[in-house]
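Architecture and fold: a report
So you can see what is in the structure, the chains are spelled out below.
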Amino acid sequence: MRRNRSHEFVRRMVREHRLAADDLIYPMFLIEGSAARQPVASMPGIERLSVDLAVRECRRLHSMGLPAVALFPCMNGELKDDRGSEAVNPRGLIPRAVSAVKTACPKLGVVTDAALDPYTSHGHDGVLDERGDVNNDTTVEILVEQARVCAAAGADVIAPSDMMDGRVRAIRDGLEADRQQHVKIMAYSAKYASTFYGPFRDAVNSATTLGQGHKRSYQMDPANADEALREVALDIEEGADMVMVKPGLPYLDIVRRVKDAFSMPTFVYQVSGEYSMLAGAIKRGWLPRESILETLTCFKRAGANGVLTYFAPDAIEELCGA
Ligand code: PBG
């Protein structure tokens, strides 16, 4: 076995999986203002950017081969309410950012979330019923509106990350009604109630609003795998164009099972907590920078077609030898 490992040329010849810029989607955090940047304390190296700076970064990364970005808002407290009303404001931060990015880089794919957590005063992905649980069907109606607003602003892909039942079909129907038949749905299909989202909630300013709350009534139990296949099957039946598993590294078995069972375009989200573990260790010199590409290549090996990762800029620079 060692003969085929003995020289770099032969390792290149027998290599089974290769990471390329095409495999990366970069999630970005946005704030109001201009020429504004704020470091995210729990994500070393990641900043929230005002739209003008985000556009500049999109241009740079797109010119290096990045196919798509995913945009997330960090909202001020005064814009939050119990219904997440700002999520459907056509002049809100995300619709403005989408149209600015699409104007500057028409060929860069723009993904927006369908979920209310950055906009609600309680930090949940939907609206609450009288018992304090997220009301499925009322939430779905608002998510459809949010998706239509984002599509009208120019979003190419709507990514429902809320885990309500039936939202993929409802969003598809809403987009069709608006003659947005080319707008794609990337469903967060197998999204687990994970502890690894903490730094993201810090980044979008929902950590304090959610407080001691949890999302276990809508996100999946990390102990379950068969259930992930049922979730993915439903989203495909409802019209998802691409499916996603989230988080990433601790859930590679799910990525593999989903890919094998459905042969769908399958994405994986290397989430904020995974980023912070690795970025923190690299910053301290406990792990080498090569760990980044190792993790990204492992997603490919597990069957993913692409990865949402905060390491996208590092990976692209590495891949182009910049
Ligand atoms: C919101 C959403 C979350 C993430 C993406 N969309 C957080 C959550 O569900 O609480 C997590 C991404 C990350 O941790 O990087 N619905």
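Look up a bit, the structure's there.
What you see is a predicted model, and the numbers here were worked out from it, not measured in a lab.

A few points about the pairing of strand S10 (residues 306-309)
- Both faces of S10 are covered, namely the face carrying Gly-306 and Leu-308 and the face carrying Val-307 and Thr-309.
- Relative to S10, strand S1 (residues 24-31) is paired through two bridges, and the arrangement is parallel. Residue pairing for S10: Leu-24 is matched across the bridge by Val-307.
- The pairing of strand S9 (residues 266-270) with S10 spans four bridges and is parallel. Of the residues in S10, the one forming a bridge with Phe-267 is Gly-306.

Describing the pairing of strand S6 (residues 157-160)
- Neither face of S6 is exposed, since Val-157 and Ala-159 on one face and Ile-158 and Pro-160 on the opposite face are all buried.
- Across four bridges, strand S5 (residues 109-114) lies against S6 in parallel orientation. Within the sheet, the bridge partner assigned to Thr-112 lies in S6 and is Ile-158.
- Taking the sense of rotation as the criterion, the β-α-β connection linking S5, helix H4 (residues 136-153) and S6 turns out right-handed.
- The pairing of S6 with strand S7 (residues 184-191) spans two bridges and is classified as parallel. Following the sheet pairing, Ile-158 is matched in S7 by Ile-185.
- Following the backbone out of S6, through helix H5 (residues 167-177) and into the adjacent parallel S7, one traces a crossover that is right-handed.

Quick look at the side chain of Glu-274
- Mapped onto the secondary structure, Glu-274 falls in helix H10 (residues 272-283).
- We note that Glu-274 is buried and unpaired, the nearest opposite charge coming from Lys-246 at a distance of 9.0 Å.
- A polar side-chain atom of Glu-274 sits 2.8 Å from the main-chain amide nitrogen of Gly-248.
- For Glu-274, the side chain forms a polar contact with the main-chain nitrogen of Leu-249, separated by 2.8 Å.
- Apart from the residues within four sequence positions on either side, Glu-274 is in contact with Phe-196, Pro-247, Gly-248, Leu-249, Pro-250, Tyr-269 and Phe-299.

Re the environment of Arg-11
- By secondary structure assignment, the location of Arg-11 is in helix H1 (residues 8-14).
- Take Arg-11: its relative accessible area is 32%, and that puts it in the partly exposed class.
- C-alpha of Arg-11 to C-alpha of Asp-235: the two residues are 224 residues apart in sequence and 39 Å apart in space.
- Not counting the four nearest positions on each side in its chain, Arg-11 is found in contact with Asn-4, Arg-5 and Ser-6.

Considerations on the site of the ligand
- Close to the ligand lie 18 residues, the nearest being Lys-191, Lys-215, Lys-246, Ser-272 and Tyr-310.
- In the environment of the ligand, a nitrogen atom lies 3.2 Å from a nitrogen or oxygen atom belonging to the side chain of Asp-117.
- A distance of 2.7 Å separates an oxygen atom of the ligand from a polar atom in the backbone of Ser-272.
- Compared with its free state, where it exposes 400 Å², the ligand has 100% of that area covered by protein.

As for the pattern of salt bridges
- One pass over the structure, following the stated rule, counts 18 salt bridges.
- Between Asp-235 and Arg-167 there is a salt bridge, with its nearest N and O atoms 3.3 Å apart. Residue Asp-235 is found in helix H8 (residues 226-238), and its partner Arg-167 is found in helix H5; the two are separated by 68 residues along the sequence.
- The buried category is assigned to Asp-235, whose relative accessible area is 3%.
- On the basis of relative accessibility, which here comes to 1%, the residue Arg-167 falls in the buried class.
- For Arg-257, the salt bridge is made with Asp-226, and the minimal N-O distance between the two is 2.8 Å. Of this pair, Arg-257 sits in helix H9 (residues 252-262) while Asp-226 sits in helix H8, and the two are 31 residues apart along the sequence.
- Here Arg-257 falls in the partly exposed class, since its relative accessible area comes to 35%.
- A residue is classified by how much of its surface remains accessible, and Asp-226, at 48% relative accessible area, is partly exposed.
- When salt bridges that share partners are traced, they join Glu-57, Arg-60 and Glu-317 into one network.

The rules behind each value
- Residues numbered from 1 in each chain as written.
- Predicted model: local features only at pLDDT ≥ 70, side-chain atom pairs only at ≥ 80, totals over all residues.
- Heavy atoms only, no water.
- Buried < 20%, exposed > 50% of the residue type's maximum accessible area, 1.4 Å probe, protein only.
- Helix = DSSP H or I, 4+ residues; strand = E, 2+ residues; numbered from the N terminus.
- Pairing = 2+ DSSP bridges.
- Right-handed = clockwise from strand over helix to strand, strands pointing away.
- Lys, Arg positive; Asp, Glu negative; His and termini not counted.
- Salt bridge = Lys/Arg side-chain N within 4 Å of Asp/Glu carboxyl O.
- Polar contact = N/O pair within 3.5 Å; in protein donor to acceptor, adjacent residues only side chain to side chain.
- Contact = heavy atoms within 4.5 Å.
- Near = heavy atom within 4 Å.
- Areas by Shrake-Rupley, 256 points an atom, 1.4 Å probe, with all protein chains shown as cover.

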